[in-house]
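# Fold and geometry: a report
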Amino acid sequence: MADIFPDIQTTLAAYRAKTLKPSTVAADLLARLEAENPQLNAYLRTYAPEIAAAAAKADAAYASGTARPLEGIFVGVKDNLLVAGTRTGSASKMLEGYVAPYTGTAVGKLLDAGAIMIGKTNMDEFAMGSSTENSAYGPTKNPKDPSCVPGGSSGGSAAAVAAGLCHVALGSDTGGSIRQPASLCGCVGFKPTYGSVSRYGLMSMASSLDVIGPLANSVADARVVYDTIRGADEHDATSHYIKGAKKLAGDGSLKGVRVGVPREYFLPGLDADVEGCVQKGIAKLKALGAEIVDISLPNAEHGLAAYYVLMPAEVSTNLSRFDGVRYPASQMAGAASLIDGYVKSRAAFGPEPQRRILVGTYVLSAGYYDAYYRQAQKVRGLIVKDFNDAWQKVDIIVSPTSPTVAWPLGEKVDDPLAMYLSDIFTINANLVGIPSISLPCGEADGMPVGIQLAAARDEDLFLLDVAEAFEKAN
Ligand code: GLN
């Protein structure tokens, strides 16, 4: 990334020292967006006049000494996060023309702290996918190799960070959608503890799994965003303040930290070069003083199957509001008959939301509920127990983030199962609700590899400390 667009703390220090102005960064950013976004398609929409105006205000705030904590920090916002008065559409034709009536809590906190929104980042439609190819507005390209996918569903946010088209970006993670694209694009992606960030203003995909979190160039930048957006919120009954207690030794080492390596995550199917990078990462954790412990998560292998029952069940419920009457209003109004209206309005969903709504409706239907939904809930319970047992022995669990590096665009679009498998390592953290982070950890075939670290529920700050120690030792 060019010097004019460094990390958040350096940027803020330069603003305060008056060696850099937000408007200078904005001008650079707007030029880059014009040059690079048409090809990358990281942003669906950018707000050039608003960016320039906000940057001028930020300049004035620094000049008058009234700058807020993140004044002049430029953020990308995933298209499923509501921002009042702006088009928000989850990259779906279903929401063509929809303008958000209010601003969600996480985005609102960033804007209140002085951050400037650049625009809405591309994503898989309604956050369903692992490559951003399910966007109704064309795929995002991976900045490391534009012939490859950026991962998904927050692929636009990951690409924006990796291409230097923002300081940080917000994403959402239901089964890996922050961590997996971060891994494939070579940046940091942090999925916080479930409920530690309010979901108010996030278009729900699967409400018991969804979390908002940052994609960033460094752990420090991710932490700044997390510290700004987290906390209890009266608009989300599942939100809370984290009460983590674990601490590092404080000397930059990982002495006393027990890192569990789950046997079940290092089996055939994992790309050998990816595994090599992750093993080097584990050696680095050990060199930092961590104790490496062999552990077992016996039910972990069933996580993917349980997820692909539970998630569609919640999707079918959440997306039932897109009924052609309230959204998209226009379809029903012009319909020849009720049935015609149903058909026309539902056709606005792309193939992946349609597939999941059908699966979800099926697993919740009378007669199949016990066989599928209830069974999957039981499996979820077993996986929660596996992780709770593991936390008796270790403080951190390490794994690859993705079984492969980024693959060529188009390679998996016709094979949903192959696509679903790319979330095999990320999904369990959502089923269990724990914090989990993906960090760059070398390259395989010239493409970035991510290592995933997870910690017990509410130990987000400890996890970020461990991640930062890992990152600094690079
Ligand atoms: N890729 C996963 C899916 O398709 C996860 C999506 C997400 O986290 N939003 O469901």
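For the structure, check the block above.
Scope of this entry: the structure provided in the associated data block. No experiment lies behind these values; they were computed from the predicted model shown. Residue numbers restart at each chain and count upward from 1, following the sequence in its written direction. Only residues with pLDDT of at least 70 get local features here, since the model is predicted, and only at 80 or more are side-chain atom pairs given and counted; chain-wide, interface and lining totals rely on the full set of residues. Neither water nor hydrogens contribute to the side-chain values; these are computed over all heavy atoms in the structure.

### Quick look at the site of the ligand
Proximity criterion: a residue is near a molecule or strand once any of its heavy atoms comes within 4 Å of it. Among the 15 residues in the neighbourhood of the ligand, the closest are listed as Thr174, Gly175, Ser177, Tyr307 and Arg356. Contacts to the ligand include serine 130, whose side-chain N or O atom sits 2.9 Å from a nitrogen atom. Nitrogen and oxygen atoms within 3.5 Å of one another constitute a polar contact, given that in protein one can donate a hydrogen and the other can accept it, and given that sequence-neighbouring residues count only through two side-chain atoms. In this structure, an oxygen atom belonging to the ligand sits 2.8 Å away from a side-chain N or O atom of arginine 356. Methods summary: accessible areas were calculated by the Shrake-Rupley approach with a probe of 1.4 Å, and residue burial reflects only the protein chains presented. For the ligand, the accessible surface in isolation is 290 Å², of which the surrounding protein chains cover 100%. Here the shell around the ligand is composed, by residue class, of five nonpolar, seven polar and three charged. Just so you know the grouping, Ala, Val, Leu, Ile, Met, Phe, Trp, Tyr, Cys and Pro go in nonpolar, Asp, Glu, Lys and Arg go in charged, and all remaining residues, Gly too, go in polar.

### Digging into the sheet that holds strand β1 (residues 43-46)
DSSP-based pairing: two strands are paired if at least 2 bridges between them are found. Think of it this way: any DSSP run of H or I at least four residues long counts as a helix, any run of E at least two long counts as a strand, and we number them from the N terminus. Judged by pairing direction, the sheet is mixed, and its eleven strands sit side by side in the order β1-β3-β2-β4-β6-β5-β10-β11-β9-β7-β8 without closing on themselves. With one partner strand each, in any of the chains shown, β1 and β8 (291-295) form the two edges of the open sheet. Put simply, the sheet's adjacent strands are angled 30° from each other on average, direction ignored. Inspection of the sheet shows strand β10 (residues 436-444) paired to strand β11 (residues 447-455) by seven bridges, in the antiparallel sense. Each bridged residue has a counterpart across the sheet, and for leucine 439 the counterpart in β11 is isoleucine 451. Lines fitted to the C-alpha atoms define the axes, with helices restricted to the stretch that makes contact. Angles between their N-to-C directions range from 0 to 180 degrees.

### Quick word on the packing of aromatic side chains
Classification of ring pairs rests on two measures: the distance between centres of Phe, Tyr or Trp rings, Trp counted by its six-membered ring, which must be within 6.5 Å, and the angle between planes, read as stacked under 30 degrees, edge-to-face over 60 and tilted in between. Taken as a whole, this structure holds 14 aromatic pairs when the rule is applied. Relative to tyrosine 373, the ring of tyrosine 369 lies with its centre 5.1 Å away and its plane at 40°, an arrangement referred to as tilted. Of the two residues, tyrosine 369 and tyrosine 373 are both situated in helix α13 (residues 369-390); the distance of four residues between them amounts to about one turn of the helix. By the ring-pair criterion, three or more aromatic residues cluster together here, those being Phe126, Phe322 and Phe349. A ring is considered to have a charge above it if a Lys NZ or an Arg CZ atom is located within 6 Å of its centre and within 35 degrees of its normal. One residue, lysine 284, lies across the ring of phenylalanine 470, its end atom 3.9 Å from the ring centre.

### Points about the packing of helix α4 (residues 105-112) against helix α7 (residues 219-229)
To describe two helices that pack against each other, one gives the angle between their axes and the distance between the axes. Look at α4 against α7: their axes get within 8 Å of each other, and the N-to-C directions meet at 110°. Put simply, α4 runs roughly perpendicular to α7. For the pair formed by α4 and α7, the contact residues are Ala106, Lys109 and Leu110 on the first element and Val225, Thr228 and Ile229 on the second. Within the contact of α4 with α7, the residues separate by chemical class into four nonpolar, one polar and one charged. Roughly parallel here means an angle under 35 degrees, roughly antiparallel means over 145, roughly perpendicular means 65 to 115, and every remaining angle is called oblique. In what follows, residue pairs with any heavy atoms lying within 4.5 Å of each other are defined as contacts.

### Remarks on the side chain of lysine 412
Looking at the secondary structure, you find lysine 412 in the loop between β9 (396-400) and α14 (416-421). Any residue under 20% of the maximum accessible area for its type is buried, any over 50% is exposed, and the rest in between are partly exposed; the area is computed with a 1.4 Å probe on protein chains only. Charge convention: Lys and Arg are scored as positive, Asp and Glu as negative, and His as well as the terminal groups of each chain are ignored. For this analysis, a salt bridge means a side-chain nitrogen from Lys or Arg found within 4 Å of a carboxyl oxygen belonging to Asp or Glu. Put simply, lysine 412 is tucked away with no salt bridge, and the nearest opposite charge, on glutamate 411, sits 5.3 Å away. With sequence-adjacent residues up to four places away left out, lysine 412 is seen in contact with Thr404, Trp407, Ala418 and Met419.

### Focus: the pattern of salt bridges
Overall, the coordinates contain 22 salt bridges when judged by the stated rule. With a closest N to O distance of 2.8 Å, arginine 356 and glutamate 352 form a salt bridge. Note that arginine 356 and glutamate 352 are positioned in helix α12 (residues 351-364) at a spacing of four residues, about one turn of the helix. On the basis of relative accessible area, glutamate 352 is assigned to the buried category, the value being 7%. Taking the shortest distance from any N to any O, the salt bridge between aspartate 370 and arginine 374 comes out at 2.6 Å. Of this pair, aspartate 370 and arginine 374 both sit in helix α13, four residues apart, which is roughly one turn of that helix.

### Some remarks on the environment of alanine 100
Here alanine 100 shows up in the loop between β2 (74-78) and α4. Alanine 100 gets classed as buried once you look at its relative accessible area, which sits at 3%. Between the alpha carbons of alanine 100 and glycine 89 there is a distance of 8.8 Å; along the sequence they are eleven residues apart. Beyond its immediate stretch of four places on either side in the chain, alanine 100 contacts Leu82, Val83, Ala84, Gly85, Thr86 and Thr88.

### Some remarks on the nonpolar core
If you look at the biggest cluster of nonpolar residues, it comprises 148 residues, and the most contacted ones within it are Phe74, Phe126, Phe387, Ile396, Ile437, Leu439 and Leu453. Here this core gets nine residues from one element, more than from any other, and that element is helix α9 (residues 303-318). Those residues in contact with leucine 439, other than ones at most four positions away along the chain, are Val188, Val219, Val449, Gly450, Ile451, Leu453, Ala467 and Phe470. Only buried Ala, Val, Leu, Ile, Met, Phe, Trp, Tyr and Cys residues count toward a nonpolar core, and they belong to the same one when joined by side-chain atoms within 4.5 Å.

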